[in-house]
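A structural walkthrough
Each chain is listed here by its residues.
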Amino acid sequence: MASLPPGQQLAAAHKWPLVGERQPRPSDKPWTLTITGLVQTPQVWSLEALQQLGEVEQAIDIHCVTRWSKLGMRFVGVPLRRLLTLALPRPEAKYVSFIARSARDHSTSLSWADVQQLEPLVAWQADGEPLAVEHGGPLRLVVPQRYFYKSVKWLERVELLATDRLGYWEAEAGYHNHADPWHEERYLAPHLTKQQTAQLLAQRDFRGLDLRGIVAAGHDLTGLKAEQALLRDGNFQDANLTQANFHGANLSNAHLERAILREAQFTAADCEGANFSAADLRGADFTGASLFGASFCDELGNAGAILDPSTRLPLAARDQLMPIQAEYVRRHLQ
Ligand SMILES: Nc1nc2c(c(=O)[nH]1)N[C@H]1C(S)=C(S)[C@@H](COP(=O)(O)O)O[C@H]1N2
Ligand SMILES: [Mo]
């Protein structure tokens, strides 16, 4: 399937996972979209005015950084470039910042080159329905060919800049600023030195620490304490993690292939995009864990994790799995 970037899996047709903020900042003011910054004629549109600029329908593939994709979603809206043209950008404008009406003024940015090439859409409809509030309604940006964190929900302001202003995920969480799924531009390189890593592995106490991208492959980490640790993109392949406690930890996109995870706790942990292929999960507990995009076997249903009736994978967690994964888990848990 050439249309699926490396490391991505298809979400079930009728499912659209919810990621990030859940709702816009409450406000009595009617929705407007403003274009400001390095433009000759700043613009403010109401939703009605936007809809009268001539709507287009665009089929766009969604690729979330936590490894789920939805291909060919039909979005209706107005091309961003049409709005920018009306605002008359100044030649110094080299970046575009997109700001949400949300509690944290969530934002992201694109380079001018990407804005020109990628045909971003300012959308109000998806697959024939008005955009649901939790998915960014009434108005969101949808950027084709970039991980979905470049597609801001509740878009309120577009600002043209001479120098880049990193967005929320890019600045706060080390997400890659270019975000090209075909090159797996997911996260920036980890920041731990070899000495720091060696010390942490000897102590077996990761509680509450930011250890993004930690390389712990093959280590004996029996009884590891890792409650609330940030272990995103960490490598635990082949490690012995018997009775490890990952309660509330962030293990998104972590590599746990072939790890021994007997009686490990993943309660309330974020395991989105994590790979548990061929891991031993007897007695492991996933109660309250988030498992969107997580893997328990490969794309063909092979190299499966060891699951048995002592593995606690509640229905709510299983329901988030991509179809091949859900099928593998269903077959092996009964
Ligand atoms: N305002 C706002 N927009 C946002 C986010 C967010 O937290 N706040 N998260 C981003 C991320 S990481 C993703 S994957 C998508 C998720 O969109 P969805 O919830 O409609 O699937 O929104 C993006 N846009
Ligand atoms: Mo995301």
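Residues numbered from 1 in each chain as written. Chains lettered and ligands numbered in written order. Predicted model: local features only at pLDDT ≥ 70, side-chain atom pairs only at ≥ 80, totals over all residues. Heavy atoms only, no water.

This part takes up the pairing of strand S5 (residues 68-79). Counting buried positions along S5 yields nine of twelve residues, so the element is predominantly enclosed. Looking at chain direction, strand S1 (residues 9-10) and S5 are connected through two bridges and run parallel. Opposite Leu 10, over in S5, you have Ser 69 as the bridge partner. When strand S4 (residues 56-63) meets S5, the two strands line up antiparallel, connected through seven bridges. Within the sheet, the bridge partner assigned to Glu 57 lies in S5 and is Val 76. Remark: four residues form the turn of the hairpin made by S4 and S5, two consecutive strands paired antiparallel; Arg 67 in that turn has positive phi of roughly 80°. In terms of strand pairing, S5 meets strand S8 (residues 121-126) through five bridges, oriented antiparallel. From the neighbouring strand, Pro 79 faces S8, where its bridge partner is Leu 121. (Buried < 20%, exposed > 50% of the residue type's maximum accessible area, 1.4 Å probe, protein only. Helix = DSSP H or I, 4+ residues; strand = E, 2+ residues; numbered from the N terminus. Pairing = 2+ DSSP bridges.)

Phe 266, Phe 276 and Phe 296 are the most contacted members of the largest nonpolar core, which has 45 residues in total. Here this core gets three residues from one element, more than from any other, and that element is helix H7 (residues 323-333). Contact partners of Phe 276, with chain neighbours within four places excluded, come to Leu 256, Leu 261, Phe 266, Cys 271, Leu 281, Phe 286, Leu 291, Ser 295, Phe 296 and Ala 305. Within the second largest apolar cluster, 30 residues are counted, among which are Val 76, Val 78, Val 143 and Trp 154. (Core = buried A, V, L, I, M, F, W, Y, C linked by side-chain atoms within 4.5 Å. Contact = heavy atoms within 4.5 Å.)

Turning next to the site of ligand 1. Surrounding ligand 1, one finds 20 residues, the nearest of these being Pro 17, Glu 21, Arg 104, His 135 and Lys 153. Within the side chain of His 106, an N or O atom sits 3.4 Å from a nitrogen atom of ligand 1. Separating a nitrogen atom of ligand 1 from a side-chain N or O atom of Trp 169 is a distance of 3.3 Å. Its free accessible area being 530 Å², ligand 1 has 100% of it covered by the protein chains. (Near = heavy atom within 4 Å. Polar contact = N/O pair within 3.5 Å; in protein donor to acceptor, adjacent residues only side chain to side chain. Areas by Shrake-Rupley, 256 points an atom, 1.4 Å probe, with all protein chains shown as cover.)

It is worth spelling out the sheet that holds strand S11 (residues 155-161) at this point. Reading across from one edge, S3-S2-S11-S6-S7 is the order of the five strands in this open sheet, with mixed pairing throughout. Because the sheet does not close on itself, it has two edges, and the strands there are strand S3 (43-46) and strand S7 (107-111). The sheet shows a mean angle of 15° between the axes of neighbouring strands, taken without regard to direction. (Axes fitted to C-alpha atoms, helices over the stretch in contact; angles between N-to-C directions.)

Here we take up the pairing of strand S2 (residues 32-37). With four bridges joining them, S2 and S3 adopt antiparallel strand pairing. Paired with Ile 35 across the bridge in S3 is Gln 43. The turn linking S2 back onto S3 is made up of five residues.

For the rest of this paragraph, the subject is the packing of aromatic side chains. Per the stated rule, a full pass over the model turns up 14 aromatic pairs. For Arg 104, the ring lying beneath its charged end belongs to Tyr 168, and the centroid distance is 3.7 Å. Above the ring of Tyr 187, the side-chain terminus of Arg 232 is found at 3.8 Å from the ring centroid. (Phe/Tyr/Trp six-rings, centres within 6.5 Å; stacked < 30°, edge-to-face > 60°. Lys NZ or Arg CZ within 6 Å of the ring centre and 35° of its normal.)

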